[in-house]
Amino acid sequence: MNESLLTGKNVIVQGITGSHGAFHTRAMVAAGTSVIAGTSPGKAGQDIDGIPVYNSIADIQSDMAVDTSVIFVPAAHAKAAILEAIAAKIPLIVCITEGIPVHDMLQIKQHLEKSGSRLIGPNCPGILLPGQTKLGIIPASLSLPGTVGIVSRSGTLTYEAMADLTERGIGQKYVIGIGGDPIKGTDFVDCLELFQNDPDVDSIVMIGEIGGTSEYSAADYIAEHVTKPVYAYVTGHHAPAGVQLGHAGAILGGERESAAAKTAYLHEKGIHTTNSITTLVDLMS
Amino acid sequence: MKLLEFEAKQILQRAGISVPDSYIASNEPVFLPAVIKSQVPTGGRGKAGGIVVVQTEDEYSAAVRTIANLPIKGFTPRTLLAEQLLDISRELYLSIMIDKSTAQVSMMANKNGGVEIESQDGFQSWELGDGNWEKVGQELADYFDLPEQTFTLQDLIENLYKCFISNDALLIEINPLVVTTDEQVIAGDCKMELDDAAIFRHPDWEFESEKSETNFVTLDPNGTVATVANGAGLAMATVDAVADAGLVPANFLDIGGGANEASILAAFNRLMEYPNVRVIIINIFAGITRCDEVAKAIIAARSQIDNLPPLAVRLAGTNYEQAVELLAQQDIAIQPSLTKAIEAAKESV
C-alpha cells in the first residue's frame, strides 16, 4: 500500500442514494474528495448534488475510469457490492458496512487474493488524509494536517485519538480505521508499512482491541521494520472472557487475546504503551 | 448464537450426519432404556446431574421431574432430550471452525474425545476446502487408526463441511464422536454456533437460545461507576479509563451508531438496577449518533428517573453545539474530554 493508492482522484460511492450513502458523500466532497459518480441499482439517471448515479460499476466505467470505491451498501448486499468492485478491478475498495456475515468475508478474501484490489474494512470508518481526501466517515473537522499516522481497529477510538492530537496542535498525515471484524481486507501491518515508508510521517499511533492476534504480528513487524516511534493502546482491559463486546471481532477468546497480554507484548517490542486512551497522546510529549 | 444440543443435532441429521435416535422427553417415554439430557447452554451437565440413564418407566418419570427443575450454572432447561444408549467402543473429538488469521475453514481432531477435552493435547488440524474431503478423510482415518472407516469419515467430513457453510456456522464441535461396538460412527454430543449477522438469509432460524446481547454487559454488579458510550472501542476505552483512575466500573454499554432518545433512556433505566452506582459517565463521540439526541435523553432521564446519580457528561462530534445549548438550559455541564469527565466522576464517588 502506498500514498498514491489512497489519493486516487476518481472516487465512486456504491450505495450513493441510501441515507448514509448520500449524507457521507456530501461530507466527503466537503472534505476535498473528488466523488465522480455513484451506483444504486435501478436508480440510473438520478444525481446527488450533481454527482451522477449509475446502475452498476461497469456502466460508470464505460464513461470514466475509477480509482476508488467507497461502499455504503447494507450488509445483506455488501458481499455482492464488494465482489462487483473486485471484478471491476478497482484498485482501492473501502467498505464502511457493518454486520457482514463471516462466511461472506471468507469468500471475499478468496477473491481478493486472486485480484489486484485492496480492501479496507469492512465495519470501518475508512481513511482520512487531512486536507487532502476522505474515503469514509471520519469527521474531517476534528483533524489537522501533519505528520502522524494513526491506525485503529475501532472507529470511535480513531476519532478520539485524532481529536486529542488536533487539540494539542499535533497534525496527522494518515488516519485509517481498519475495522472491527475478525476477517478484514487490511490489517495493521499494511498500514505500518505505509507509515514507515512515507518520509512525511514521523510518528505512529496504533489502537488495538481484545480478540484476535493481529496486534502480535504488528508488534513483530514494528520490531523488525519500523524505525519511527510507535505509541499504542489496546482497548478492553476489563473485558470478561468469552463475551462479545459490541462488534464481532471484540471477543476475548483466551489469555493471549487479552488487552493486558497484547500490551505487554507491544511494550516488550519497544513500543510506547498505555492502559488508558486518556493518556495515549501524553506518551508523545 | 449458540444452539442447544438437540437443535444442533437436528441440523446435523438434516445434513446426513448420524446422531442417536431420540425424542423430546415429556410425560411418557417413547422408548426405553434411554439417557435423559438437560438442554442447557453450558458444559458440565454430567457432573451436575443433568444427564441420567433410565431403564424403567419409574426411573424415567423420576429423572424427568428432577432434571426439569435442576438449575445448572444458573440455567434451568426448557427442553429435555431422551436418546438411545450407545454401546461405545471409542470416543473421538472432531470440530470445524473458521481460522480468523488465515481466513480458512479448519478442522481439528483428537483421538481422545470426551469430557476432559480441554486438558488433552495432540490435536491435529486440517484446512478444509471444496473437494478436499477425500484426502482429509483418508488422513483422518489414518490418524484415528480407523482404516475400515475411511469412506464413512470422508462422507462425514463432506457433510459436515457443507452443513457448516450452508448454515453460516462459526463452530461445529462433535464431542464425543462415538464409534460404537458395531462400528457405527455417531455424533454423541454437539456444540454449534451460528453467525447472528447471517440471520437475514435464514428466515427459518428459530431457536430456544436467544441472540446474545453484545452491547450491554455487566462487569461488576457492585461497581460504583456506570458507563454509557458509543462504539465498542470507545465503550471499552471508557471502562479502561474508569478503572485506570482507580474507580470500579459496573458495566460496558455501547449505545451504537444511530441511538435515539428512547433507546438511550431505556439504557439509563437498566443502569439504575446496580445498587452501588454513585455516578454515570456518558462518553459520546458522535459520528452517525447525534449529540442533541443524547442531550434530550439525558434531560428526559433527569426528569423521569428518581434518584438518578450525578452524571459526568462528555460529548463530541455531530450536532455538538445543539447539545451544549440544550444542556445549558438545564444547568448540566459538558466536560471537554474523557479525562475531565473522569475527574468530575471521582468527586461523586
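Thresholds, definitions, all that
- Residues numbered from 1 in each chain as written.
- Chains lettered and ligands numbered in written order.
- Predicted model: local features only at pLDDT ≥ 70, side-chain atom pairs only at ≥ 80, totals over all residues.
- Heavy atoms only, no water.
- Pairing = 2+ DSSP bridges.
- Helix = DSSP H or I, 4+ residues; strand = E, 2+ residues; numbered from the N terminus.
- Contact = heavy atoms within 4.5 Å.
- Axes fitted to C-alpha atoms, helices over the stretch in contact; angles between N-to-C directions.
- Domains from an automatic or database assignment.
- Salt bridge = Lys/Arg side-chain N within 4 Å of Asp/Glu carboxyl O.
- Buried < 20%, exposed > 50% of the residue type's maximum accessible area, 1.4 Å probe, protein only.

A word on the sheet that holds strand β15 (residues 311–317) of chain B
Consider a sheet: its strands pair through backbone hydrogen bonds, and that pairing is either parallel or antiparallel.
All names here are of chain B.
Right, so step 1: Read across the open sheet, the four strands follow the order β12-β14-β15-β16; overall the sheet is parallel. Of all the strands in the sheet, just β12 (225–229) and β16 (334–335) have a single pairing partner and so form its edges.
Right, so step 2: Here two bridges tie β15 to β16, and the two strands are oriented parallel to one another. Across the sheet, residue R314 finds its bridge partner in β16, namely Q335.
Right, so step 3: Of the strands in this sheet, β12 and β14 (279–286) touch helix α5 (residues 232–244), which is tilted by about 155 degrees from β12.

Here we look at the domain arrangement of chain B
Right, so step 1: Looking at chain B, the domain boundaries give domain 1 (21–83), domain 2 (88–201) and domain 3 (216–348).
Right, so step 2: Taking the mean C-alpha position of each, domain 2 of chain B and domain 3 of chain B sit 45 Å from one another.

Brief notes about the pattern of salt bridges
Right, so step 1: Applying the stated criterion across every chain yields a total of 25 salt bridges over all chains.
Right, so step 2: Among the ionic pairs, R168(A) bridges to D164(A), the shortest N-O distance being 3.6 Å.
Right, so step 3: The partly exposed category is assigned to R168(A), whose relative accessible area is 39%.
Right, so step 4: Judged by its relative accessible area of 17%, D164(A) is buried.
Right, so step 5: With a shortest N-O distance of 2.9 Å, D189(B) and R45(B) are connected by a salt bridge. Pair noted here: D189(B) is in the loop between β9 (185–187) and β10 (190–194) and R45(B) is in the loop between β2 (34–38) and β3 (51–54), with a separation of 144 residues, a long-range link.
Right, so step 6: The exposure class of R45(B) is buried, given its relative accessible area of 8%.
Right, so step 7: Counted as one network, the salt bridges with shared partners bring together E5(B), K9(B), K37(B), R45(B), E83(B) and D189(B).

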